[in-house]
Amino acid sequence: MDKKPTLCIAILTLNEERRIEQCIRSAQFADQIIVADSGSTDNTVALASAMGAAVHNYPDWQGFGEQRTRLLKHCSSDYIFFLDADEVIPPELEREITDIVRSGANGVWEVLWNQVAYGKPLTRMKSTGGIPRLFRADNLIGYEGLVHESAVLKDKTVPVFKLKTRLFHYSRETVYGSLQKLGQYAQLGALKRAKKGKKGGVLRGFASALANFLQLYVFRRGFMCGPEGFLFCFFIALECFFRYAMIEYDKSALTDSAKR
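Each value, and the rule that gives it
- Going along each chain's sequence as written, the residues are numbered from 1 onward.
- Given that this is a predicted model, residues contribute local features only at a pLDDT of at least 70 and side-chain atom pairs are listed and counted only at 80 or more, while totals for whole chains, interfaces and linings are drawn from all residues.
- Water and hydrogen atoms were dropped before computing side-chain values, which therefore reflect all heavy atoms in the structure.
- Secondary structure is summarised from DSSP: a helix means a run of H or I of at least four residues, a strand means a run of E of at least two, and numbering begins at the N terminus for each.
- Radius of gyration here uses only the C-alpha atoms, and the compact-globule reference equals 2.2 Å multiplied by the residue count raised to the power 0.38.
- Relative accessible area decides the class of each residue, using a 1.4 Å probe on protein chains only: under 20% of the type maximum gives buried, over 50% gives exposed, and in between gives partly exposed.
- Any pair of residues with heavy atoms lying within 4.5 Å of one another is described as a contacting pair.
- Here the accessible surface of atoms and residues is derived via Shrake-Rupley with a 1.4 Å probe, and residues count as covered only by protein chains that are part of the display.
- None of His or the chain ends enter the tally, which takes Lys and Arg as positive and Asp and Glu as negative.
- Positions of charges follow a simple convention, taking NZ of Lys, CZ of Arg, CG of Asp or CD of Glu.
- Pairing between strands is defined by DSSP: at least two bridges between the two strands are required.
- Any carboxyl oxygen of Asp or Glu that lies within 4 Å of a side-chain nitrogen of Lys or Arg is treated as forming a salt bridge with it.
- For every element, the axis is a line fit to its C-alpha atoms; helices are fit only across the contacting stretch, and the angle between N-to-C directions ranges from 0 to 180 degrees.

Caption draft 1: Spatial organisation of the overall build of the protein. Along the backbone of the protein there are seven helices and 13 strands. Taken over the C-alpha trace, the protein has a radius of gyration of 19 Å; the compact-globule value for 260 residues is 18 Å, and the two agree within 12%. Overall size of the protein, expressed as C-alpha extent along the three principal axes, is 65 × 40 × 40 Å. Burial statistics for the protein: of 260 residues in total, 50% are counted as buried. Counting only contacts in the protein whose residues sit at least 6 apart along the sequence, the fraction spanning at least 24 positions is 74%. Split by element, the accessible area of the protein, about 12900 Å² in all, is 54% carbon and sulfur. On the protein, the mean spot of the 35 positive side-chain charges and the mean spot of the 28 negative ones are 7 Å from each other.

Caption draft 2: Looking closely at the pairing of strand β7 (residues 113–117). Most of β7 is tucked away: four of the five residues are buried. As paired elements, β7 and strand β13 (residues 167–172) share four bridges and run parallel to each other. Bridging from a neighbouring strand, Asn-114 pairs with Phe-168 of β13. Pairing of β7 with strand β8 (residues 120–121) involves two bridges; the strand directions are antiparallel. Bridged to Ala-117 within β8 is Lys-120. The antiparallel pairing of β7 with β8 creates a hairpin that spans two residues between the two strands, and Tyr-118 there sits at a positive phi of about 55°.

Caption draft 3: The side chain of Arg-19, seen in detail. Along the polypeptide, Arg-19 turns up in the loop between β1 (7–13) and α1 (20–25). Beyond its immediate sequence surroundings of up to four residues, Arg-19 is in contact with Ala-85, Tyr-170 and Glu-173.

Caption draft 4: How the structure looks around the side chain of Glu-110. Along the chain, the position of Glu-110 falls in strand β6 (residues 108–111). Put simply, Glu-110 is tucked away with no salt bridge, and the nearest opposite charge, on Lys-162, sits 4.4 Å away. In this structure, Glu-110 is in contact with Gly-130, Ile-131, Pro-132, Val-160, Phe-161, Lys-162 and Leu-163, ignoring residues within four places of it in sequence.

Caption draft 5: Main features of the pairing of β6. The side-chain alternation of β6 yields two buried faces, one formed by Val-108 and Glu-110 and the other by Trp-109 and Val-111. Two elements, β6 and strand β9 (residues 131–136), share four bridges in a ladder whose sense is antiparallel. Note on β9: the bridge partner recorded for Val-108 is Phe-135. Judged from the three bridges that link them, β6 and strand β12 (residues 160–162) form a sheet pairing that is parallel. Counted as the bridge partner of Trp-109 is Phe-161 from β12.

Caption draft 6: Summary view of the environment of Val-88. Mapped onto the fold, Val-88 is located in strand β5 (residues 87–88). Sequence separation between Val-88 and Val-101 is 13 residues, and the spatial gap between their C-alpha atoms is 19 Å. Excluding residues that lie within four positions of it along the chain, Val-88 makes contacts with Gln-22, Ser-26, Leu-167, Phe-168 and Tyr-170.

Caption draft 7: Representation of the sheet that holds β12 in the model. The strand order across the open sheet built from seven strands is β3-β2-β1-β4-β9-β6-β12, with neighbouring strands paired in mixed fashion. Bordering the open sheet on either side are β3 (54–57) and β12, each of which pairs with just one other strand. Across the sheet, the axes of successive neighbouring strands diverge by a mean angle of 25°, strand direction being ignored. Running over the sheet, helix α3 (residues 64–72) touches β1, β2 (32–37), β4 (79–84) and β9 and is turned about 145° from β1.

Caption draft 8: Seen up close, the sheet that holds β13. A sheet is described by the order of its strands in space; here four strands give the open sequence β5-β13-β7-β8, paired in mixed fashion. This sheet does not close on itself; its edge strands, each paired only once, are β5 and β8.

Without other data, these values stay purely geometric and don't point to any function.
Structure representation (structure tokens):
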């Protein structure tokens, strides 16, 4: 009798005690749950372990790509789904993932986000593109990139599919938390672009911020999501602006590894 294909759900954490239980609870259908912790100083590790996840500590932060690659080393399942600590798998998506794993199919599966910002699901906001999250483990070499990392595949010709159900993403709960995330992602994005030789400056930052705000707020219907939609789009635009400002004015700081 053929062995039933198995699924691993892999999670990145850093001081996620407020969200980690909800995240892992939504992943309990997996055969294996593994966590790469980046040096949490709260109860994240204890909570994750208590819920049955195998926690591996990697406090020497090298970027999102390296941290996901480290998770892959601990995967002993046929499939791997990457989940962030501020995300939740709804039941409909669980069924989709389970059916794919049972089928034994090969490919890359992308998921769309249902953003939840400041206590409100931004369901009227149009989601474009998709994030590759589900892979056959034997086809995934690892990840590369500090932020907005990309998967490195053994076979790049495998088909790419899109999961029908969206993943809940609790990315912005408070204005204060959004300001913290702004600094982190602006720095990571600036370092990535500086390494590619891109120029910075206030005008470039303003142009990038304006273009991204119009794209999100107008063309992707952020305006239909009330003040929460405005705040969500505005913070992303600010991140775009400060990325280019940092390239110009924080050159010395960008020579070091960006911290999470």
